[in-house]
Amino acid sequence: MFLKFLKDESGATAIEYGLIAGLIAVSVIVGAGSVGNSVNETFDSLATTVSKN
């Protein structure tokens, strides 16, 4: 029974999937933050241009 437990790799697979999901989540958060900053800069530039005219 103990040897069967040591050979069982289903828990390791679940941990690997969890790590992959975590890395994807971090990537999405960083990407969304970067895009958000870019959009914010574009709108600030647009607002400055509109307010000058």
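Look a little higher up for the structure.
What comes next concerns the included structure. Being a predicted model, the structure only gives us computed values, none of them experimental. Per chain, the residues get numbers from 1 upward, laid out in the order the sequence is written. Reporting in this predicted model follows two pLDDT cut-offs: at least 70 for local features of residues, and 80 or more for side-chain atom pairs to be given and counted; totals over whole chains, interfaces and linings ignore these cut-offs and use all residues. With hydrogens and water set aside, each side-chain value is computed from the structure's full complement of heavy atoms.

Observations regarding the overall build of the protein
Along the backbone of the protein there are 2 helices and 0 strands. Scaling as 2.2 N^0.38, a compact globule of 53 residues should have a C-alpha radius of gyration of about 10 Å, whereas the protein reaches 23 Å, well beyond that. Overall, the C-alpha framework of the protein stretches about 80 × 5 × 5 Å when taken along its three principal axes. Each residue's exposure class comes from its accessible area (1.4 Å probe, protein chains only) as a fraction of the maximum for that residue type: buried when under 20%, exposed when over 50%, partly exposed otherwise. When burial is assessed residue by residue, the protein has 0% of its 53 residues classed as buried. Residue-level accessible areas treat just the shown protein chains as cover; the underlying method is Shrake-Rupley with a 1.4 Å probe. Carbon together with sulfur atoms contributes 69% to the accessible area of the protein, which is approximately 4,900 Å² in total. Per the convention used, a helix needs a DSSP run of H or I reaching at least four residues, while a strand needs a run of E reaching at least two, with both numbered from the N terminus. In this treatment the radius of gyration is a C-alpha quantity, and the globule benchmark scales as 2.2 Å times the residue count to the 0.38 power.

Brief notes about a nonpolar patch on the surface
Each patch is built from residues that are more than 30% exposed by relative accessible area and take part in no salt bridge. Like charges join if they lie within 9 Å; nonpolar side chains (Val, Leu, Ile, Met, Phe, Trp, Tyr) join within 5 Å. One side-chain nitrogen of Lys or Arg within 4 Å of one carboxyl oxygen of Asp or Glu is enough to make a salt bridge. A cluster of nonpolar side chains, contributed by Val35, Val39, Phe43, Leu46 and Val50, occupies part of the molecular surface with about 480 Å² of accessible area. When you line up the elements, phenylalanine 43 lands in helix 2 (residues 10–52). For phenylalanine 43, a relative accessible area of 53% translates into the label exposed.

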